[in-house]
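Examining the three-dimensional arrangement
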Amino acid sequence: MGCCNSTESKRDWKPLEEHSCTDVPWLIVFTLFCIGMVCICAFPIATGAASRLISGYDSYGNTCGKNNTKIEGVPLSGRDMRENKYVFFLDPCNLDLINRKIKSIALCVSKCPAAELKTLSDLKQFALNNGSHLCSYDITPPRYTSHSDRSTKCPKLPVPPSKSVPLLHRCVPVDIGCYAEFAQAFITFVGDNSVLRRVIAGVMASKEIIMGLCLLAFVLSLIMMVVIRYISKVLVWIITVLVVIGSIGGTGVLWWLYADHRKALDNNTLSVFGKEVASDNVKALLVYAIVATIFTVVLLLVMFFMRKRVALTISLFHVAGKVFIHLPLLALQPFWTFLCLMLFWIYWITVLLSLGTSGTPVKNNSTGVVEYQMQGPLQYLVWYHAVGLIWINEFILAFQQMTIAGAVVTYYFTRNKSQLPATPILSSMARTIRYHLGTLAKGSFIITLVKIPRLILTYIHSQLKGKENACARCMLKACVCCLWCLEKCLAYLNQNAYTATAINSTSFCTSARDALLILVENALRVAAINTVGDFVLFLGKVLVVSCTAFAGVLALNYQREYTVWVLPLLIVCLFAFLVAHCFLSVFENVVDVLFLCFAVDTKYNDGSPGHEYYMDKALMEYVENSKKMGWYKPGDGDGREMKSMARGGTSA
């Protein structure tokens, strides 16, 4: 990586004066860990498990699409399946939720049934016409209708139409209602299967509306970013007013729709199915209206008590808006991070599934089915792989934070903005890759150390639910809560440590200590600026979700007779929040980085000759206003030297 020896901690903050490699030993450890992840990926490829995953295999150990070798003790193994390339399940809807698999005999067939097969005669005719045998290999098609074991060795009737999944060669039922029982296991509040089927039918009936509303959420988030970029001075008050109007108006609309649907429910002209759908909508609207009312009241109370401090965030938001003007590629950071995470998750899931098909074929004596099991030390590869998921996931998120911090620090501590690098984002990424990957590895590993025990305790609590006593349940919940709080605190400290590393190029521990001291010294500013700024951004997320949900209510209102609103509206609101969070979290990171830069600037400079501020004029006005309010004292700048950033240091 072009690294040199790690540097010692510096007493003074010298923003980007020089760069040197930080936490080199941790970079070596992380590199070795990643090599281990690659070796785990190579193991299923070398043992043929990856081929079994892609091609599929039947319940007797035969890989579909290949000529197989005999497995001792399994009569139906070792068959030539080069013509049978698809996996067909006799009962695809029989799902084992505990073991996370389909509890059914699997066969290799040459063609998936495209039409419904209602009788054994249809199975026989399908086999004779297409050469695709849907019953066990030891039963010939002419004996489908008369064999004594046809109830267990032939598919469950009727056989639903299915099609093969691209690349994975599995016959999957076309009707997703087949998996209603599977979904019902995760929705505990649903007591009637017919309710779940109506919900699924409602999602399918309104899929175009859902896609349109998701696109609307994406557009609204982009508009919010544009608003933040160009009219940051009035953004706070615009969002505040719109959220008040939107919350009150949305709550009123929900109550009006509840009354309207309640009145329509009493109409005797509705069919039986229409009354069931209307009843579901009335219940859903009542819940939505009550929740919206409570949320609106709490939101208005919080905004009332914070109204005086909201004005203090305007100057910081104004500078953040300027940052996005000079660094427009910041808005694309969520896309790159999401793309990297998606690629890594796809890789991780693929390797995990490959590990599930690795090992030695073992016959289950009770069912006669062949299963591949990893025995001995190899079974711990899955745990290593699970740790890799958490650590690398946190590393990717940390890389985004360091990239943003490096670009914003470069902007803040460059007095002449015309001397900024041509691409500050790419320059920041290059500096991070060349000098600070070890720091990211160490910071992300600390989060991993806290997250793993929290996830283990959460899993234990879910597994022992209803079995442990009240004391044990309380202790488990308390431990999970404490670990969650610790994780959030460490994540916030890590983010500021990355900013300190971007400024001084110091190691993770040194940067974390320096950042913590700065934050403690500016506790009131953290409360007045950082917290309120996060709250305003939260209001922006609420605005995006509220507008999307309001449009969803109006759109779904035209399908009230055959669409259940519960799941479509929840899907839309969840997607809207995730999209808004991805975009506005970048702005939130910029605000946090600017605040730490501002705190460092005011600590080492006081505006006198030789100790001029680096800050923007808007922040200078904030300092003057803070002096009048007693938040800032003229002696805060201690007069120690804080050298200006060298031009060469900005593009290292």
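Since the structure is predicted, the reported quantities are computational estimates derived from the model, not experimental observations.

**Regarding the overall build of the chain**
- Looking only at helices and strands, one finds 20 helices and eight strands in the chain.
- Put simply, the chain has 652 residues, and 46% of those count as buried.
- Sequence separation of at least 24 residues holds for 72% of the intrachain contacts in the chain that already meet a minimum separation of 6.
- Element-wise, carbon and sulfur atoms account for 66% of the exposed surface of the chain, whose accessible area totals about 32,100 Å².

**Structural notes on the pattern of salt bridges**
- Following the criterion strictly, the structure yields seven salt bridges and no others.
- As a salt-bridge pair, K153 and D138 come within 2.8 Å of each other at their nearest N and O atoms. You can see K153 sitting in helix α4 (residues 150-153) and its partner D138 sitting in the loop between α3 (120-130) and α4, a full 15 residues away along the chain.
- Looking at K153, the relative accessible area reads 25%, which means it is partly exposed.
- For R513, the salt bridge identified is with D514, shortest N-O distance 3.2 Å.
- Judged by its relative accessible area of 45%, R513 falls in the partly exposed class.
- Among the charged side chains, a network of salt bridges with common partners joins E394, K451, R454 and E487.

**Comments concerning the state of the cysteines**
- Within this structure, the stated rule accounts for three disulfides.
- The disulfide bridge from C64 ends at C108, spanning 2.0 Å between sulfur atoms. With the S-S bond torsion at -85°, the cross-link from C64 to C108 turns out left-handed. One end of the pair, C64, is in the loop between α2 (49-55) and β1 (86-89); the other, C108, is in strand β4 (residues 106-109), and 44 residues separate them in sequence.
- Its relative accessible area of 2% is what places C64 among the buried residues.
- C108 gets classed as buried once you look at its relative accessible area, which sits at 2%.
- Through a disulfide, C112 is tied to C171; the S-S separation comes to 1.9 Å. For the disulfide bridge between C112 and C171, the dihedral angle about the S-S bond is near -75°, and by the sign convention the bridge is left-handed. You can see C112 sitting in the loop between β4 and α3 and its partner C171 sitting in strand β6 (residues 171-173), a full 59 residues away along the chain.
- Under the relative-accessibility criterion, C112 is labelled buried at 10%.

**Some details on the packing of aromatic side chains**
- Summed over the entire model, instances satisfying the criterion amount to 15 aromatic pairs.
- With a centroid separation of 4.7 Å and an interplanar angle of 20°, the aromatic rings of F33 and Y384 are classed as stacked. Taken together, the residues F33 in helix α1 (residues 24-47) and Y384 in helix α13 (residues 381-412) connect sequence positions 351 residues apart.
- Classification of F33 by relative accessible area gives buried; the value is 11%.
- Aromatic side chains Y57 and Y372 sit 5.3 Å apart centroid to centroid with 85° between the ring planes, which places their arrangement in the edge-to-face category. Here the residue Y57 occupies a position in the loop between α2 and β1, and Y372 occupies one in strand β8 (residues 370-373), the gap between them amounting to 315 residues.
- Looking at Y372, the relative accessible area reads 12%, which means it is buried.
- Here the aromatic cluster, defined as three or more aromatic residues joined through ring pairs, consists of W26, F30, F33, Y384, W391, F395 and F445.

**Describing the side chain of T63**
- Within the secondary structure, T63 is located in the loop between α2 and β1.
- Beyond its immediate chain neighbours, meaning those up to four positions away, T63 contacts S51, R52, S55, G56, Y57, N68, M81 and C108.

**Quick notes on unusual backbone geometry**
- With an omega of -10°, the peptide bond between L157 and P158 qualifies as cis.
- Following the sequence through the fold, P158 ends up in the loop between α4 and β5 (162-164).
- For S505, which is not glycine, the phi dihedral falls at a positive 60°.
- For S505, the position within the fold is in the loop between α16 (470-504) and α17 (508-521).

**Side note on a nonpolar patch on the surface**
- A cluster of nonpolar residues, L329, L332, F335, W336, L339 and L343, forms a patch on the protein surface that exposes about 570 Å² of accessible area.
- Within the secondary structure, L339 is located in helix α12 (residues 333-356).

**Notes on helix α14 (residues 424-435)**
- The end-to-end C-alpha separation of α14 is 16 Å, in line with the 16 Å expected for 12 residues at 1.5 Å each.
- Buried within α14 we find P424, I425, S427, S428, R431, T432 and Y435. An end-on view of α14 places all buried positions within 165° of arc, on one side of the element.
- Where α14 is buried, its residues meet α12, α13 and α15 (437-463).

**Some words on the environment of L341**
- Mapping L341 onto the fold places it in helix α12.
- For the pair formed by L341 and I396, sequence separation is 55 residues and the distance between their alpha carbons is 7.2 Å.
- If sequence neighbours within four positions are ignored, L341 has contacts with N393, I396 and L397.

**Brief notes about the pairing of β8**
- Here β8 shows a buried face lined by V370 and Y372 and an unburied face lined by E371 and Q373.
- Direction of pairing for strand β7 (residues 360-363) relative to β8: antiparallel, over a ladder of four bridges. Opposite V362, over in β8, you have E371 as the bridge partner.
- Here β7 folds back onto β8 in antiparallel fashion, the turn holding six residues, of which G368 has a positive phi close to 75°.

**Focus on helix α11 (residues 314-326)**
- When the terminal C-alpha atoms of α11 are compared, their 19 Å separation across 13 residues agrees well with the 18 Å that a helix rising 1.5 Å per residue should span.
- Counting buried residues in α11 gives 10 out of 13 residues, a clear majority hidden from the surface.
- Taken together, the buried positions of α11 are I314, S315, L316, F317, H318, V319, A320, G321, V323 and F324.

Criteria and thresholds
- Residues numbered from 1 in each chain as written.
- Predicted model: local features only at pLDDT ≥ 70, side-chain atom pairs only at ≥ 80, totals over all residues.
- Heavy atoms only, no water.
- Helix = DSSP H or I, 4+ residues; strand = E, 2+ residues; numbered from the N terminus.
- Buried < 20%, exposed > 50% of the residue type's maximum accessible area, 1.4 Å probe, protein only.
- Contact = heavy atoms within 4.5 Å.
- Areas by Shrake-Rupley, 256 points an atom, 1.4 Å probe, with all protein chains shown as cover.
- Salt bridge = Lys/Arg side-chain N within 4 Å of Asp/Glu carboxyl O.
- Disulfide = S-S within 2.5 Å.
- Phe/Tyr/Trp six-rings, centres within 6.5 Å; stacked < 30°, edge-to-face > 60°.
- Patch = residues over 30% accessible without salt bridge, like charges linked within 9 Å, V, L, I, M, F, W, Y side chains within 5 Å.
- Expected span 1.5 Å × (residues − 1).
- Arc of directions from axis to C-beta.
- Pairing = 2+ DSSP bridges.

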